[in-house]
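Now for the letters of each chain:
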Amino acid sequence: MGSALDILEAGRPPRAQFLNFPLGFEAGPYQDKAGQLDVMRQGLTGFETFTEPGIKPLPHSWDAGWQRVKNRERSVQSDDTRSPRNTEPQYQTDEDRQLAEENS
Amino acid sequence: MHPCIISAEHPRNEAEEQSKPMSPVKYIERTRETYDKLGYPPYRWFQAESAPAFTPVTKPLAESRLGMISTAGTYLQGQVAYYYKDDTSIRAIPKDAPTDKIRFSHITENYLVEARQDTGTVFPLQSLSRLEEEGFIGELANEYYSCMGGIYSQNRVVQELIPNLEAVILKQDLDLLLLVPL
């Protein structure tokens, strides 16, 4: 599965299903369990249909609009949207950090 | 792997936005443009030099055992999160893990805004379980594996990350392995 076609092509995977969605939705649309299930169901059929290496498009189209994607990028102040590179675990929440430290 | 993806991914103008179906986004070209704009040397994307190995599938999906690797920096609450400088470690995520305990730490975390509210957009745990219940998939591995796909060093991917994954995946007695990148 993958949503960056040119990067998939560069990697030359044995079997790949291309889902033409924005990054962050490689397993299906947001808050749409039926849509996610269908993406995965159709994606997995590739195991049975590929007879040679290649990349095939899935039939799903992104119809959720790009405003959501634009909004999340507006929150980034720089053209460089990467987070700083560091060697400290980057927890999603403080509670995650506390629980992990208790377990270690 | 998507070692580095920067710059906007959405259509650049209204005409592009309104065109249906949308053309695939040219991430490599856009990354090159953004690096140039920032004054960085060109990013060296991985380019496979040889044709991929192709192993024919011998069993129907409904009779196969399937595993999954996520590169979204997926971790389970209680586990140590990933760090962002070439972290080549991996995490095991039980297939029956509660979705409200699924977390993500990935250097391009701007792509995870929605996934942190609905983990199924990048980590299809519920979809796979449903397909197993239906009999569409024969059997799922007991655990899935994750890594943090934003590793800049191709050498470290080859020499550390892939062996880390290979060591655990080969013990799972899988017929099929699904890769879901971020």
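Predicted model, so just to flag it, every value in this text is computed and none were measured.

### Quick look at the overall build of chain A
Here is step 1 of the chain: Regarding its fold elements, chain A presents five helices and two strands.
Here is step 2 of the chain: Sequence-ordered secondary structure for chain A, helices as α and strands as β, is α-β-α-α-β-α-α.
Here is step 3 of the chain: Dimensions of chain A, computed from the C-alpha atoms along their principal axes, are close to 50 × 35 × 30 Å.
Here is step 4 of the chain: Put simply, chain A has 104 residues, and 31% of those count as buried.

### Some thoughts on the nonpolar core
Here is step 1 of the chain: By size, the foremost hydrophobic cluster in this structure holds 42 residues, and its most contacted members are Met 40 of chain A together with Ala 72, Val 122, Leu 128 and Ile 137 of chain B.
Here is step 2 of the chain: If you list the elements that add at least two residues to this core, you get α1 (5-11) and α2 (33-44) of chain A together with β1 (65-70), β4 (102-104), α3 (125-134), β6 (143-146) and β7 (176-180) of chain B.
Here is step 3 of the chain: Broken down by element, the residue count for this core peaks at four residues, all from α2 of chain A.
Here is step 4 of the chain: The contacts of Ala 72 of chain B, once residues within four sequence positions are left out, are Phe 104, His 106, Leu 112, Ala 115, Val 122, Phe 123, Ser 146 and Leu 182 of chain B.

### Here we look at the interface of chain B and chain A
Here is step 1 of the chain: Across the boundary between the two partners, chain B contributes 71 residues, which contact 58 residues of chain A.
Here is step 2 of the chain: At the level of elements, α2 (27-38), β4, α3 and β7 of chain B are the ones that each hand at least two residues to the side of chain B that touches chain A.

### Brief notes about the confidence of the model for chain B
Residue and element names in this part refer to chain B.
Here is step 1 of the chain: With 88% of its residues at a pLDDT of at least 70, chain B reaches an overall mean of 90.
Here is step 2 of the chain: Taken as a whole, residues 1-9 scores under 50 in pLDDT and shows 39 contacts with residues more than four places along the chain or in a different chain.
Here is step 3 of the chain: Here the predicted complex scores 0.90 on pTM and 0.91 on ipTM.

Conventions used here
Residue numbers restart at each chain and count upward from 1, following the sequence in its written direction. Ligands are numbered from 1 and chains lettered from A, in the order in which they are written. This being a predicted model, a pLDDT of at least 70 is required before a residue's local features are given, and a value of 80 or more before pairs of side-chain atoms are given or counted; all residues contribute to the totals for chains, interfaces and linings. Each helix is a run of H or I in the DSSP string that is no shorter than four residues. Each strand is a run of E no shorter than two, and both are numbered from the N terminus. As a rule, residues whose C-beta atom has 12 or fewer other C-beta atoms within 10 Å are exposed, those with 20 or more are buried, and those in between are partly exposed; C-beta atoms are placed from the backbone. The term nonpolar core refers to a set of buried Ala, Val, Leu, Ile, Met, Phe, Trp, Tyr and Cys residues connected through C-beta atoms within 7 Å. By the convention adopted here, residues are in contact when the distance between their C-beta atoms, placed from the backbone, does not exceed 7 Å. As a per-residue quantity, pLDDT reports the predictor's confidence and falls between 0 and 100.

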